[in-house]
Amino acid sequence: MRSIWLLTLLLVGCGSGELAVSPAALDFGEVDFHQERPDEGYDALEVVLRNDGSRPLDLSIRSFDSERLQLGARFEEEPSLPRLEPGSQQVITVGVWAYRPGEWDQLVEGSFRIHGDQLRDPVAVPWSFTPVRNM
């Protein structure tokens, strides 16, 4: 499985906060749907959100494709995260949930965004996987 474990820092002006997200992109590679799906989704990866700023961050995740991905647990609405105090971090787990008809053996891509009132711009986290069946 290929994965990109880069560290992206988003600096926010006026000393309001900095959010570090690692990895910057989630590349699940080929995901074998022949196996039974684990509780956390197929090939789950950990994403670390770290507040490198001087003020607390109230974060939420938007545009999360819950049809294809799973965030720790299944959510009916856009998930919000606990307040992230300066110097602290939050680890979230993202796994592959399913694919749509016609996506078999095709690269499936998208992204979700991490928003915060204290952030000038949301942080985009791209993701990709290729659904396969290894029998």
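Everything numeric here is computed off the predicted structure, so don't read it as measured data.

## A short note on the pairing of strand E9 (residues 123-132)
In terms of residue burial, E9 counts as a mostly covered element, since 8 of its 10 residues are buried. Pairing of strand E3 (residues 26-32) with E9, which is carried by 5 bridges, proceeds in the parallel orientation. If you follow Val31 over to E9, its bridge partner there is Pro131.

## Let's talk about the pattern of salt bridges
Two side chains with opposite charge may pair up if their charged atoms get near one another. Taken as a whole, this structure holds 5 salt bridges when the rule is applied. Residue Glu67 pairs with Arg100 through a salt bridge whose shortest N-O separation is 3.0 Å. Of the two residues, Glu67 is situated in the loop between strand E5 (59-62) and strand E6 (69-71) and Arg100 in the loop between strand E7 (89-96) and strand E8 (108-116); the sequence distance between them amounts to 33 residues.

## Let's talk about the nonpolar core
In this structure, Leu19, Phe28, Leu49 and Ile114 are the most contacted members of the largest nonpolar core, which totals 29 residues. At the level of elements, strand E2 (17-22), E3, strand E4 (42-51), E5, E6, E7, E8 and E9 are the ones that each hand at least two residues to this core.

## Some words on the side chain of Asn51
As for its position among the elements, Asn51 is in strand E4. Within the structure, the side chain of Asn51 is placed 2.8 Å from the backbone oxygen of Arg55, a separation counted as a polar contact. The contact partners of Asn51, leaving out residues within four places of it in the chain, are Glu18, Pro56, Leu57, Leu84, Glu85, Pro86, Gly87 and Ser88.

## Considerations on the confidence of the model for the chain
Taken as a whole, the chain shows an average pLDDT of 84; of its residues, 81% reach a score of 70 or greater. Contacts for the low-pLDDT stretch residues 1-16, under 50 throughout, to residues beyond four places or in other chains number 48 contacts.

## Section: unusual backbone geometry
With an omega dihedral of 0 degrees, the bond running from Ser22 to Pro23 counts as a cis peptide bond. For Pro23, the position within the fold is in the loop between E2 and E3. For Ser63, which is not a glycine, the phi torsion comes out positive at approximately 60 degrees. Considering the arrangement of structural elements, one finds Ser63 in the loop between E5 and E6. By relative accessible area, which is 33% here, Ser63 ends up partly exposed.

## Describing the environment of Glu40
Structurally, Glu40 can be placed in the loop between E3 and E4. A residue is classified by how much of its surface remains accessible, and Glu40, at 37% relative accessible area, is partly exposed. Each C-alpha atom, one on Glu40 and one on Thr93, is 7.4 Å from the other, the two residues being 53 residues apart in sequence. Each residue touching Glu40, except ones within four places of it in the same chain, is listed here: Gln70, Thr93 and Gly95.

About the cut-offs
- Residues numbered from 1 in each chain as written.
- Predicted model: local features only at pLDDT ≥ 70, side-chain atom pairs only at ≥ 80, totals over all residues.
- Heavy atoms only, no water.
- Buried < 20%, exposed > 50% of the residue type's maximum accessible area, 1.4 Å probe, protein only.
- Helix = DSSP H or I, 4+ residues; strand = E, 2+ residues; numbered from the N terminus.
- Pairing = 2+ DSSP bridges.
- Salt bridge = Lys/Arg side-chain N within 4 Å of Asp/Glu carboxyl O.
- Core = buried A, V, L, I, M, F, W, Y, C linked by side-chain atoms within 4.5 Å.
- Polar contact = N/O pair within 3.5 Å; in protein donor to acceptor, adjacent residues only side chain to side chain.
- Contact = heavy atoms within 4.5 Å.
- pLDDT = per-residue confidence, 0-100.

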